[in-house]
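Summary of the model geometry
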Amino acid sequence: MKLHTQKCIIFFTIFQFFLVSGLLPAARAALLPTQTFIESSQPDTTRSQMQTMLDREDVQMELQRLGVNPEMAKERLAALTPAELQQLQRHMNDMPAGAGALEVIGIVFLVLLILELVGVTNVFSKF
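Now for a look at the structure at hand. (Residues numbered from 1 in each chain as written. Predicted model: local features only at pLDDT ≥ 70, side-chain atom pairs only at ≥ 80, totals over all residues. Heavy atoms only, no water.)

A word on the overall build of the protein. Within the protein, the regular secondary structure consists of six helices and zero strands. Listing the helices and strands of the protein from first to last along the sequence gives α-α-α-α-α-α. Counting over 127 residues, the protein shows a buried share of 10%. Partitioning the intrachain contacts of the protein with sequence separation of at least 6 by distance along the chain shows that 41% fall at a separation of at least 24. (Helix = DSSP H or I, 4+ residues; strand = E, 2+ residues; numbered from the N terminus. Buried < 20%, exposed > 50% of the residue type's maximum accessible area, 1.4 Å probe, protein only. Contact = heavy atoms within 4.5 Å.)

What follows is the structure, encoded as structure tokens:
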């Protein structure tokens, strides 16, 4: 009797194994190229960067000054396609936002020159 019970348990275990493995879809795993991964995650990153920018108070004040509701701008941002989002980010990166490197270097030089003339620092005496 004990041998018969073991055989039944083994049979039902094997039967369940084949039944379950036959019904479940096979998993397909493959290597994902880095460029594909970057392109698939880039719209989410860009969208979150733009959302952070729209959350800034100075940006919201400027939008209101131009007659744009900030909440409406956020809704429009959420509705953009990945291609439109990439185009918007490209234009945002091309637009000037403050001063360039040459202006910053000039301002630093003027500040150091004034501090040298007043006698606060000795930056140029070492040259």
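Text resumes after the structure shown.
Our next topic: the pattern of salt bridges. This structure, assessed with the given rule, holds three salt bridges. For the salt bridge of aspartate 55 with lysine 74, the shortest nitrogen-to-oxygen distance reads 2.9 Å. Residue aspartate 55 is found in helix α2 (residues 34-55), and its partner lysine 74 is found in helix α4 (residues 70-79); the two are separated by 19 residues along the sequence. Across the pair glutamate 71 and lysine 74 runs a salt bridge, and its minimum N-O distance is 3.9 Å. Here glutamate 71 pairs with lysine 74, and both are found in helix α4, just three residues apart, close to one helical turn. Take lysine 74: its relative accessible area is 16%, and that puts it in the buried class. Through salt bridges with shared partners, a single network forms among Asp55, Glu71 and Lys74. (Salt bridge = Lys/Arg side-chain N within 4 Å of Asp/Glu carboxyl O.)

So, about the nonpolar core. Among the nonpolar cores identified, the biggest contains seven residues, and these are Met50, Leu54, Val59, Leu63, Ala73, Leu77 and Leu85. Of all the secondary structure elements, the ones that give two or more residues to this core are α2, α3 (57-65) and α4. If we ignore the near neighbours within four places in the chain, the residues touching leucine 63 are Leu54, Val68, Pro70 and Ala73. (Core = buried A, V, L, I, M, F, W, Y, C linked by side-chain atoms within 4.5 Å.)

By secondary structure assignment, the location of serine 48 is in helix α2. Classification of serine 48 by relative accessible area gives partly exposed; the value is 39%. For the pair serine 48 and leucine 77, spaced 29 residues apart in the sequence, the C-alpha separation amounts to 9.8 Å.

Moving on, we come to the packing of aromatic side chains. As enumerated under the stated definition, the model contains two aromatic pairs in all. Arranged with centres 6.4 Å apart and planes meeting at 15 degrees, the rings of phenylalanine 11 and phenylalanine 15 form a pair that is stacked. One end of the pair is phenylalanine 11 and the other is phenylalanine 15, both in helix α1 (residues 2-23) and four residues apart, which spans about a single turn. Taking relative accessible area as the criterion, phenylalanine 11 reaches 52% and is therefore assigned exposed. Taken together, Phe11, Phe12 and Phe15 form an aromatic cluster joined through their ring pairs. (Phe/Tyr/Trp six-rings, centres within 6.5 Å; stacked < 30°, edge-to-face > 60°.)

On the surface, Phe11, Phe12, Phe15, Leu19, Val20 and Leu23 cluster together into a nonpolar patch covering about 640 Å² of accessible area. Tracing the backbone shows phenylalanine 12 in helix α1. (Patch = residues over 30% accessible without salt bridge, like charges linked within 9 Å, V, L, I, M, F, W, Y side chains within 5 Å. Areas by Shrake-Rupley, 256 points an atom, 1.4 Å probe, with all protein chains shown as cover.)

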